[in-house]
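A structural walkthrough
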Amino acid sequence: GDGWTRAVYEIAALPDQTDFLEIRVEGGIVISNVSLDYKPDNSPIQKIRFDDSALDGVIGYDAEPLLKTAPANGISEIEYSTTDQDVAEYEHGVLKFVGIGEAAATASVADGNSEAELPISVYENLALKKPVTVSSVTSAYPASNAVDGDMDITRWQSGSEGTEWIQVDLGP
């Protein structure tokens with residue numbers, strides 16, 4: 001009919017310790033409508049890494065650094081720690097920035113087979129609650145929102161009169 005031939009290949013089981021299945025096709029062959037049915041084993045995590053190569057934080061704010069695992073659906077307990085709890089500490093998987101300085105956040109698979117480290121630098125928010133002057137505002141978003149310390153809910157929004165600016169008095 002249409003020049004296509006349907007081929008169905010079934011693999012009853014893969015050998016133990018098989019981590020992936022590779023299918024190679026050579027020549028002018030087109031593959032379409034591929035479906036894979038499998039029941040994933042809840043394999044332990046074999047390797048972990050942080051998605052970022054480093055992280056900057058501000059005292060009083062929290063972060064949840066993204067952790068990549070292999071296999072992606074692996075299950076293992078992950079333990080979190082930092083090299084200096086005066087700079088940053090973990091609480092239930094959330095990294096809390098508590099003091100100025102440098103440290104490293106560490107994530108370890110509980111069975112000890114993999115560990116990841118993330119360098120962190122923590123700074124103080126020098127603009128927090130300081131006097132602020134702006135070129136313009138919109139009524140719902142006043143200038144004081146820019147320095148209120150709330151990164152989740154409030155913000156300052158300028159008008160749209162052209163070049164806009166913000167000035168923060170960092171004096172005593």
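Moving on: the pattern of salt bridges. The tally for this structure, following the rule as stated, stands at 2 salt bridges. Residue arginine 49 pairs with aspartate 51 through a salt bridge whose shortest N-O separation is 3.9 Å. Note on aspartate 51: relative accessible area 38%, which makes it partly exposed.

As a further point, take the side chain of serine 121. Structurally, serine 121 can be placed in strand E9 (residues 115–123). Relative accessible area serves as the criterion here: at 12%, serine 121 is assigned to the buried category. If we ignore the near neighbours within four places in the chain, the residues touching serine 121 are Leu55, Asp56, Gly57, Gly101 and Glu102.

With that settled, consider the sheet that holds strand E3 (residues 62–63). As summarised here, the arrangement of the 3 strands in space is E3-E7-E6, forming an open sheet in which the pairing is antiparallel. Edge positions in the open sheet fall to E3 and strand E6 (88–91), since each of these has one partner strand only. Here E3 pairs with strand E7 (residues 94–97) via 2 bridges, running antiparallel. From the neighbouring strand, alanine 63 faces E7, where its bridge partner is leucine 95.

Parameters and conventions
Residues numbered from 1 in each chain as written. Predicted model: local features only at pLDDT ≥ 70, side-chain atom pairs only at ≥ 80, totals over all residues. Heavy atoms only, no water. Salt bridge = Lys/Arg side-chain N within 4 Å of Asp/Glu carboxyl O. Buried < 20%, exposed > 50% of the residue type's maximum accessible area, 1.4 Å probe, protein only. Helix = DSSP H or I, 4+ residues; strand = E, 2+ residues; numbered from the N terminus. Contact = heavy atoms within 4.5 Å. Pairing = 2+ DSSP bridges.

Everything listed here is a matter of coordinates, which is why it stays silent on function.
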